[in-house]
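Secondary and tertiary structure notes
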Amino acid sequence: MKALAPALLLLAFLASARANALTVDATANIFGAAHSTPPAPGGGGGGELPPVFMFSPGGGQSVMFSNVTGSVNANDTQSTFTNGPDGAGPAGSTTSTNLNSVGGISGIVDDSNSFFLVGVFVSASEPQDPAPSPLDFSSSALGENFSTLSPQLNQTFFIGDGLTGHGTGATQVFNVPATATRLFIGFADGAFFTGDPGNYSDNSGSLSVTVNIVPEPSCISLVGIGVLLLRRKRAAIRK
(Lines give C-alpha, C1' and ligand atoms only; values in the text may rest on other atoms or scores of the structure.)
Protein backbone atom coordinates (compact mmCIF):
# COMPACT_ATOMS: atom_id res chain seq x y z
CA MET A 1 0.00 0.00 0.00
CA LYS A 2 2.84 2.41 0.82
CA ALA A 3 4.42 1.80 -2.59
CA LEU A 4 1.10 2.43 -4.32
CA ALA A 5 0.49 5.87 -2.80
CA PRO A 6 3.05 7.88 -4.83
CA ALA A 7 1.87 6.23 -8.04
CA LEU A 8 -1.75 7.18 -7.39
CA LEU A 9 -0.80 10.77 -6.65
CA LEU A 10 1.34 10.98 -9.79
CA LEU A 11 -1.51 9.62 -11.91
CA ALA A 12 -3.86 12.22 -10.44
CA PHE A 13 -1.37 14.97 -11.29
CA LEU A 14 -0.75 13.81 -14.85
CA ALA A 15 -4.44 13.28 -15.54
CA SER A 16 -5.15 16.97 -15.07
CA ALA A 17 -2.20 18.36 -17.04
CA ARG A 18 -3.46 20.02 -20.22
CA ALA A 19 -1.75 21.04 -23.44
CA ASN A 20 -2.93 23.07 -26.39
CA ALA A 21 -1.25 23.83 -29.73
CA LEU A 22 -1.47 27.40 -31.01
CA THR A 23 -0.48 29.02 -34.28
CA VAL A 24 0.99 32.49 -33.79
CA ASP A 25 0.97 34.66 -36.89
CA ALA A 26 3.75 37.24 -37.29
CA THR A 27 1.07 39.95 -37.21
CA ALA A 28 -0.20 38.87 -33.76
CA ASN A 29 -0.09 42.08 -31.71
CA ILE A 30 0.52 41.22 -28.04
CA PHE A 31 -0.79 44.66 -27.05
CA GLY A 32 -4.22 43.61 -28.31
CA ALA A 33 -4.44 40.92 -25.60
CA ALA A 34 -7.97 40.74 -24.10
CA HIS A 35 -9.14 43.72 -26.16
CA SER A 36 -11.85 43.58 -28.83
CA THR A 37 -9.54 45.09 -31.45
CA PRO A 38 -5.75 45.49 -31.55
CA PRO A 39 -4.41 48.98 -30.82
CA ALA A 40 -3.03 50.82 -33.79
CA PRO A 41 -0.32 53.23 -32.62
CA GLY A 42 2.80 53.54 -34.72
CA GLY A 43 3.24 53.65 -38.45
CA GLY A 44 2.56 50.10 -39.62
CA GLY A 45 -0.92 49.35 -38.29
CA GLY A 46 -2.27 47.22 -35.46
CA GLY A 47 -1.95 43.73 -36.92
CA GLU A 48 -4.34 41.13 -35.53
CA LEU A 49 -5.42 39.94 -32.10
CA PRO A 50 -3.05 37.37 -30.56
CA PRO A 51 -4.16 33.75 -30.01
CA VAL A 52 -5.28 32.80 -26.51
CA PHE A 53 -4.97 29.79 -24.21
CA MET A 54 -7.74 29.73 -21.58
CA PHE A 55 -7.71 28.03 -18.17
CA SER A 56 -9.30 28.20 -14.73
CA PRO A 57 -7.79 30.56 -12.13
CA GLY A 58 -5.96 29.11 -9.15
CA GLY A 59 -2.73 29.36 -7.20
CA GLY A 60 0.27 27.13 -7.83
CA GLN A 61 -0.10 26.80 -11.59
CA SER A 62 2.78 26.96 -14.05
CA VAL A 63 3.03 27.12 -17.83
CA MET A 64 5.70 25.61 -20.05
CA PHE A 65 6.16 25.81 -23.82
CA SER A 66 7.25 23.02 -26.14
CA ASN A 67 7.50 22.23 -29.86
CA VAL A 68 8.03 25.89 -30.74
CA THR A 69 8.75 25.83 -34.47
CA GLY A 70 8.50 28.00 -37.57
CA SER A 71 9.90 31.32 -38.72
CA VAL A 72 8.68 34.90 -38.97
CA ASN A 73 9.71 37.91 -40.99
CA ALA A 74 9.65 41.46 -39.64
CA ASN A 75 9.84 44.03 -42.41
CA ASP A 76 11.24 46.61 -40.03
CA THR A 77 11.89 50.14 -41.25
CA GLN A 78 15.56 49.50 -40.53
CA SER A 79 16.00 46.11 -42.20
CA THR A 80 14.23 42.94 -43.29
CA PHE A 81 15.13 39.74 -41.47
CA THR A 82 13.74 36.27 -40.84
CA ASN A 83 14.09 34.59 -37.48
CA GLY A 84 12.72 31.85 -35.26
CA PRO A 85 11.00 32.14 -31.86
CA ASP A 86 14.14 33.32 -30.02
CA GLY A 87 14.24 36.53 -32.05
CA ALA A 88 16.63 38.30 -34.38
CA GLY A 89 19.47 38.58 -31.84
CA PRO A 90 20.55 34.93 -32.10
CA ALA A 91 20.70 35.34 -35.88
CA GLY A 92 23.29 38.11 -35.58
CA SER A 93 21.20 41.26 -35.59
CA THR A 94 22.07 43.92 -33.03
CA THR A 95 18.56 45.38 -32.99
CA SER A 96 17.31 46.06 -29.47
CA THR A 97 13.77 46.34 -28.07
CA ASN A 98 12.34 49.12 -25.92
CA LEU A 99 8.60 49.37 -26.52
CA ASN A 100 6.07 51.42 -24.60
CA SER A 101 3.05 50.10 -22.71
CA VAL A 102 -0.32 50.35 -24.48
CA GLY A 103 -3.89 49.64 -23.40
CA GLY A 104 -2.97 48.30 -19.98
CA ILE A 105 -0.41 45.83 -21.41
CA SER A 106 3.19 46.53 -20.44
CA GLY A 107 5.98 47.25 -22.85
CA ILE A 108 9.13 45.14 -22.93
CA VAL A 109 12.90 45.78 -23.00
CA ASP A 110 15.85 43.78 -24.38
CA ASP A 111 19.12 45.50 -25.25
CA SER A 112 20.32 42.94 -27.83
CA ASN A 113 17.31 41.20 -29.34
CA SER A 114 14.03 41.87 -31.13
CA PHE A 115 10.93 40.22 -32.61
CA PHE A 116 10.96 37.23 -30.28
CA LEU A 117 7.88 35.31 -29.14
CA VAL A 118 6.22 36.92 -26.11
CA GLY A 119 3.26 36.25 -23.85
CA VAL A 120 1.05 37.97 -21.29
CA PHE A 121 -1.24 36.62 -18.55
CA VAL A 122 -4.61 38.36 -18.22
CA SER A 123 -7.50 37.98 -15.78
CA ALA A 124 -11.19 37.81 -16.78
CA SER A 125 -11.21 41.63 -16.94
CA GLU A 126 -10.04 43.74 -19.87
CA PRO A 127 -6.62 45.32 -19.15
CA GLN A 128 -6.70 48.97 -18.17
CA ASP A 129 -4.04 51.65 -17.75
CA PRO A 130 -1.76 52.02 -15.93
CA ALA A 131 0.08 48.91 -17.09
CA PRO A 132 2.70 47.17 -14.92
CA SER A 133 6.33 48.19 -15.31
CA PRO A 134 8.00 46.64 -18.38
CA LEU A 135 10.23 43.64 -17.77
CA ASP A 136 13.84 43.96 -18.97
CA PHE A 137 15.32 40.84 -20.60
CA SER A 138 18.70 42.42 -21.31
CA SER A 139 21.73 40.33 -20.35
CA SER A 140 22.45 42.75 -17.50
CA ALA A 141 18.90 42.36 -16.13
CA LEU A 142 16.63 39.28 -16.24
CA GLY A 143 18.31 37.86 -19.32
CA GLU A 144 16.69 35.28 -21.58
CA ASN A 145 18.12 32.09 -20.06
CA PHE A 146 16.18 32.18 -16.76
CA SER A 147 14.88 28.91 -15.28
CA THR A 148 11.67 30.32 -13.82
CA LEU A 149 9.80 33.59 -14.24
CA SER A 150 6.83 35.04 -12.33
CA PRO A 151 5.30 37.82 -14.44
CA GLN A 152 2.44 39.94 -13.13
CA LEU A 153 -0.96 40.21 -14.78
CA ASN A 154 -0.77 42.27 -17.99
CA GLN A 155 3.06 42.18 -17.94
CA THR A 156 4.57 41.16 -21.28
CA PHE A 157 7.29 38.50 -20.99
CA PHE A 158 9.87 36.78 -23.19
CA ILE A 159 9.03 33.22 -24.31
CA GLY A 160 11.29 32.51 -27.29
CA ASP A 161 11.49 28.74 -27.80
CA GLY A 162 10.73 28.06 -24.13
CA LEU A 163 14.23 26.76 -23.41
CA THR A 164 17.11 28.21 -21.38
CA GLY A 165 19.30 28.19 -24.50
CA HIS A 166 18.74 28.82 -28.20
CA GLY A 167 17.30 25.51 -29.36
CA THR A 168 18.77 23.70 -26.38
CA GLY A 169 18.76 23.64 -22.59
CA ALA A 170 16.13 23.06 -19.91
CA THR A 171 12.44 23.86 -20.24
CA GLN A 172 11.65 27.25 -18.70
CA VAL A 173 8.83 27.49 -16.16
CA PHE A 174 6.45 30.48 -16.08
CA ASN A 175 4.48 30.85 -12.86
CA VAL A 176 0.88 31.88 -13.46
CA PRO A 177 -0.68 34.75 -11.43
CA ALA A 178 -3.40 33.28 -9.19
CA THR A 179 -6.21 35.33 -10.76
CA ALA A 180 -5.16 34.82 -14.39
CA THR A 181 -7.61 33.05 -16.71
CA ARG A 182 -6.00 33.64 -20.10
CA LEU A 183 -2.58 33.53 -21.72
CA PHE A 184 -2.07 35.48 -24.95
CA ILE A 185 0.91 34.85 -27.24
CA GLY A 186 2.24 37.15 -29.94
CA PHE A 187 4.97 39.62 -30.84
CA ALA A 188 6.13 43.04 -29.67
CA ASP A 189 6.79 45.11 -32.78
CA GLY A 190 7.31 48.77 -33.65
CA ALA A 191 9.37 51.13 -35.77
CA PHE A 192 12.98 50.24 -34.93
CA PHE A 193 11.37 48.23 -32.04
CA THR A 194 11.36 51.44 -30.02
CA GLY A 195 8.61 53.69 -28.70
CA ASP A 196 4.96 52.94 -29.46
CA PRO A 197 4.07 49.49 -30.84
CA GLY A 198 3.06 49.21 -34.49
CA ASN A 199 4.40 48.08 -37.90
CA TYR A 200 2.59 44.73 -37.74
CA SER A 201 0.76 44.74 -41.08
CA ASP A 202 3.83 43.98 -43.23
CA ASN A 203 5.06 41.02 -41.16
CA SER A 204 4.87 37.48 -42.52
CA GLY A 205 5.28 33.87 -41.39
CA SER A 206 4.07 32.12 -38.26
CA LEU A 207 5.14 29.98 -35.32
CA SER A 208 3.57 26.86 -33.86
CA VAL A 209 3.75 26.44 -30.08
CA THR A 210 2.37 23.92 -27.60
CA VAL A 211 1.27 25.39 -24.26
CA ASN A 212 1.36 23.08 -21.24
CA ILE A 213 -0.25 24.07 -17.91
CA VAL A 214 0.27 22.06 -14.68
CA PRO A 215 -1.29 21.48 -12.33
CA GLU A 216 -4.78 22.77 -13.07
CA PRO A 217 -6.97 23.49 -10.01
CA SER A 218 -8.73 20.14 -10.50
CA CYS A 219 -5.38 18.41 -10.02
CA ILE A 220 -4.87 20.10 -6.68
CA SER A 221 -8.27 18.80 -5.59
CA LEU A 222 -7.54 15.30 -6.88
CA VAL A 223 -4.24 15.12 -5.02
CA GLY A 224 -5.88 16.34 -1.83
CA ILE A 225 -8.64 13.74 -2.11
CA GLY A 226 -6.10 11.04 -2.91
CA VAL A 227 -4.04 11.84 0.18
CA LEU A 228 -7.17 11.77 2.37
CA LEU A 229 -8.37 8.43 0.98
CA LEU A 230 -4.95 6.84 1.37
CA ARG A 231 -4.68 8.01 4.97
CA ARG A 232 -8.10 6.55 5.74
CA LYS A 233 -7.16 3.27 4.03
CA ARG A 234 -3.94 2.98 6.03
CA ALA A 235 -5.78 3.77 9.24
CA ALA A 236 -8.32 1.03 8.47
CA ILE A 237 -5.55 -1.51 7.77
CA ARG A 238 -3.81 -0.74 11.05
CA LYS A 239 -7.01 -1.41 13.07
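What comes next is a walk through the structure. Bear in mind that the values here come from a model prediction, so they are computed numbers and not experimental data. (Residues numbered from 1 in each chain as written. Predicted model: local features only at pLDDT ≥ 70, side-chain atom pairs only at ≥ 80, totals over all residues. Heavy atoms only, no water.)

**Observations concerning the overall build of the chain**
From N to C terminus, the chain includes two helices and 14 strands. Counting every position in the chain, which comprises 239 residues, the buried fraction comes to 47%. Carbon together with sulfur atoms contributes 56% to the accessible area of the chain, which is approximately 10,400 Å² in total. (Helix = DSSP H or I, 4+ residues; strand = E, 2+ residues; numbered from the N terminus. Buried < 20%, exposed > 50% of the residue type's maximum accessible area, 1.4 Å probe, protein only. Areas by Shrake-Rupley, 256 points an atom, 1.4 Å probe, with all protein chains shown as cover.)

**Side note on the pairing of strand E14 (residues 204-214)**
With eight bridges joining them, strand E1 (residues 18-25) and E14 adopt antiparallel strand pairing. By the bridge assignment for E14, Asn20 is matched with Val211. Examined bridge by bridge, strand E3 (residues 62-75) and E14 share ten bridges and lie antiparallel to one another. Directly across from Gly70, in E14, lies its bridge partner Leu207. (Pairing = 2+ DSSP bridges.)

**Quick word on the sheet that holds strand E7 (residues 117-122)**
In space, the four strands of this open sheet follow the order E2-E12-E7-E10, with antiparallel pairing throughout. Edge strands, defined here as strands with exactly one partner in the open sheet, are strand E2 (52-54) and strand E10 (157-158). Taken together, the six bridges between E7 and strand E12 (residues 182-187) define a ladder with antiparallel strand orientation. Of the residues in E12, the one forming a bridge with Val118 is Gly186.

**Examining the sheet that holds strand E8 (residues 135-136)**
Strand order in the open sheet formed by four strands is E8-E6-E5-E13, with mixed pairing between adjacent strands. The open sheet has two free edges, formed respectively by E8 and strand E13 (194-195), since each of these has just one partner strand. Here strand E5 (residues 97-99) pairs with E13 via two bridges, running parallel. Bridge assignment links Leu99 to a residue of E13, and that residue is Gly195.

**Quick notes on the nonpolar core**
Core analysis: the biggest nonpolar cluster contains 47 residues, and Phe65, Phe157, Leu183 and Ile185 have the highest contact counts within it. Of all the secondary-structure elements, those providing two or more residues to this core are E1, E3, E7, E10, E12 and E14. Ignoring any residue separated from it by four or fewer positions in sequence, one finds Leu183 in contact with Pro51, Val52, Phe53, Phe55, Val63, Phe65, Gly119, Val120, Phe121, Phe157 and Val211. (Core = buried A, V, L, I, M, F, W, Y, C linked by side-chain atoms within 4.5 Å. Contact = heavy atoms within 4.5 Å.)

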